Amino acid sequence: HLNKKQRQRFTTLGGEVVEVSDHQMLDFQSDSVAPFTLDGLFGTGFQGTPREPFAAVIEAANHSGLPIIAIDIPSGLN
């Protein structure tokens, strides 16, 4: 419920939520995206190497040139 409430608050304040069903739909270079990327993929406790489709998303975000802001503890760090 908290996620739903925060999503509503975000959109009410003018934010745009874009849902994707395939990581290939992500376009970090597009003018339609925010001037930054929020990272909330894994957080604490993540070990090993990310598998697809997460590996492709991480690579695209890292090569986008956009600032990346972790909304939790960055993936892989405890």
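Engineer: Please clarify how the overall build of the protein should be interpreted in this entry.
Structural biologist: Along its length, the protein carries 2 helices and 2 strands. Scanning the protein from its N terminus toward the C terminus, one meets helices and strands in the order α-β-α-β. In the protein, buried positions account for 9% of the 78 residues. Contacts spanning at least 24 positions in sequence make up 73% of the contacts within the protein whose residues lie at least 6 apart.

Engineer: Any chance you could explain unusual backbone geometry here in plain terms?
Structural biologist: Most of the time, phi is negative for any residue but glycine, and the peptide bond is trans. Of the consecutive residues Glu52 and Pro53, the connecting peptide bond is found in the cis state with omega at 5°. Looking at the element boundaries, Pro53 is found in the loop between strand 1 (37-39) and helix 2 (54-62).

Engineer: Where do I start with the side chain of Thr37 in this structure?
Structural biologist: Residue position: Thr37 is located in strand 1. For Thr37, a relative accessible area of 11% puts it in the buried group. Aside from chain neighbours lying at most four places away, what touches Thr37 is Phe28, Ala61, Leu66, Pro67, Ile68 and Ile69.

Engineer: It is not clear to me how the side chain of Ser64 should be interpreted in this structure. Could you clarify?
Structural biologist: With respect to the helices and strands, Ser64 occurs in the loop between helix 2 and strand 2 (68-70). Ser64 gets classed as buried once you look at its relative accessible area, which sits at 10%. Apart from the residues within four sequence positions on either side, Ser64 is in contact with Phe28 and Gln29.

Engineer: I keep staring at a nonpolar patch on the surface and nothing clicks. Help me out?
Structural biologist: A contiguous nonpolar surface patch, about 340 Å² in accessible area, is contributed by Val18, Val20, Met25 and Leu26. Here Met25 lies in the loop between helix 1 (2-12) and strand 1.

Rules used throughout
- Residues numbered from 1 in each chain as written.
- Predicted model: local features only at pLDDT ≥ 70, side-chain atom pairs only at ≥ 80, totals over all residues.
- Heavy atoms only, no water.
- Helix = DSSP H or I, 4+ residues; strand = E, 2+ residues; numbered from the N terminus.
- Buried < 20%, exposed > 50% of the residue type's maximum accessible area, 1.4 Å probe, protein only.
- Contact = heavy atoms within 4.5 Å.
- Patch = residues over 30% accessible without salt bridge, like charges linked within 9 Å, V, L, I, M, F, W, Y side chains within 5 Å.
- Areas by Shrake-Rupley, 256 points an atom, 1.4 Å probe, with all protein chains shown as cover.
- Salt bridge = Lys/Arg side-chain N within 4 Å of Asp/Glu carboxyl O.

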